[in-house]
Amino acid sequence: MKIIVTLVLFLGLLTGSVAAQKMLIIEQANVAKTTRLYPGDRLIFRLEGEENYWYDRTITEILPETNSLLLDNYLVKLDDIVAIKIHKKTIWRIVGGSLLSFGVSLGFATGVAAIYGDDYNYPALAGASVGSFLAGRYLLKRKKVRLGERFRLRIIEVKF
């Protein structure tokens, strides 16, 4: 009997806490995979107009009724966003982070070896260190996406 009462209470509390899930979706034409952003995620975007400024804001709330976003208590309509910056694919981010850390550690090791006067080929090691560091920085850089025919933003609300 205690198990049934516990189960009924648990299910009653569970149904009261279930709400709608809201997300911002970045869609690309002819590609089935989408990028999803939820409240709490960062969005780097540019608004239409004369200014050439990138805003970096956190998604506070997604409002599907008005097709707009509340970004750090600043209301932005989806139609006003012209471009966004998104991360590249995950594999390139992993490779970029590895190259970046390898470049820094190789540069540090080359500097320590130069201080202690070991017999190594310092220009080649320094060049490899800088090259690895710059390649990692390039791979970790965000991709600029212009919204329009190929890419678009949509708000989805999934109700349970």
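The structure we're discussing is the one just above.
Let's talk about the packing of helix α2 (residues 90–116) against helix α3 (residues 122–140)
- Two elements in contact, α2 and α3, have axes whose closest approach is 7 Å; the angle formed by their N-to-C orientations is 155 degrees. Here α2 is positioned roughly antiparallel relative to α3, judged by the angle of their axes. As for how α2 packs across α3, the hand of that crossing is left-handed.
- Considered class by class, the residues forming the contact of α2 with α3 number 17 nonpolar, 8 polar and 2 charged.

Considerations on the nonpolar core
- By size, the foremost hydrophobic cluster in this structure holds 20 residues, and its most contacted members are L24, L43, F45, L69, I81 and I84.
- Contributions of two or more residues to this core are made by β1 (21–28), β3 (42–47), β4 (55–63), β5 (68–71), β7 (81–86) and β9 (151–158).
- When sequence neighbours within four positions are dropped, the list of residues in contact with L43 reads L24, L37, Y55, D56, R57, I59, L69, L71 and I84.

Quick look at the sheet that holds β7
- Strand order in the open sheet formed by 6 strands is β6-β5-β4-β3-β7-β8, with antiparallel pairing between adjacent strands. The open sheet has two edge strands, β6 (75–77) and β8 (143–146), and neither has a second partner. Ignoring which end each strand starts from, the neighbouring axes of this sheet average 45 degrees apart.

A closer look at the pattern of salt bridges
- A full pass over the atoms with the stated rule returns 4 salt bridges.
- Close ionic contact of E61 with K22 constitutes a salt bridge, the shortest N to O distance being 3.4 Å. Here the residue E61 occupies a position in strand β4, and K22 occupies one in strand β1, the gap between them amounting to 39 residues.
- Exposure remark for E61: the relative accessible area of 30% places this residue in the partly exposed category.
- Accessibility expressed as a relative area gives 22% for K22, which makes it partly exposed.
- In this structure, the salt-bridge partner of D56 is R42, at a minimum N-O distance of 2.9 Å. Taken as a pair, D56 in strand β4 and R42 in strand β3 lie far apart in primary sequence, 14 residues in all.

What to know about the packing of aromatic side chains
- On inspection of all chains with the given rule, the structure shows 2 aromatic pairs.
- When the ring of F45 is compared with that of Y55, the centres are 5.3 Å apart and the planes differ by 20 degrees; the resulting orientation is stacked. Here Y55 lies in strand β4 and F45 lies in strand β3, a separation of 10 residues in the sequence.
- Given a relative accessible area of 0%, F45 falls into the buried group.
- The interplanar angle of 85 degrees and the centroid separation of 5.0 Å between the aromatic rings of Y53 and Y55 together place this pair among those described as edge-to-face.
- Among the aromatic side chains, those forming a connected cluster through ring pairs are F45, Y53 and Y55.

The rules behind these values
Residue positions are given per chain, counting from 1 as you read along its sequence in written order. In view of the model being predicted, local features appear only for residues whose pLDDT reaches at least 70, and side-chain atom pairs are presented and counted only at 80 or more, with totals across whole chains, interfaces and linings using the full set of residues. As a rule here, side-chain values come from all non-hydrogen atoms in the structure, and water together with hydrogens is ignored. Fitted lines through C-alpha atoms serve as axes, helices being fitted only where they are in contact, and the angles separating the N-to-C directions of these axes extend from 0 to 180 degrees. Helix numbers and strand numbers start at the N terminus; a helix is a DSSP run of H or I with at least 4 residues, a strand a run of E with at least 2. With respect to orientation, any angle under 35 degrees is reported as roughly parallel, any angle over 145 as roughly antiparallel, any angle of 65 to 115 as roughly perpendicular, and every other angle as oblique. Crossings are classed by handedness, with left-handed meaning an anticlockwise turn of the near helix from the far one by less than a right angle and right-handed meaning a clockwise turn. Three classes are used, and their members are as follows: Ala, Val, Leu, Ile, Met, Phe, Trp, Tyr, Cys and Pro are nonpolar, Asp, Glu, Lys and Arg are charged, and the others, Gly among them, are polar. We call a set of buried Ala, Val, Leu, Ile, Met, Phe, Trp, Tyr and Cys residues a nonpolar core when their side-chain atoms join them within 4.5 Å. Under the scheme applied here, a residue whose accessible area is under 20% of the maximum for its type counts as buried, over 50% as exposed, and between as partly exposed, the area being computed with a 1.4 Å probe on protein chains only. A contact between two residues is defined here by any heavy atoms of the two lying within 4.5 Å. Pairing between two strands requires that DSSP report at least two bridges joining them. A pair is scored as a salt bridge if a Lys or Arg side-chain nitrogen falls within 4 Å of a carboxyl oxygen belonging to Asp or Glu. Working definition: a ring pair exists when centres of Phe, Tyr or Trp rings (six-membered ring for Trp) sit within 6.5 Å. Plane angles under 30 degrees give stacked, over 60 give edge-to-face, the rest tilted.

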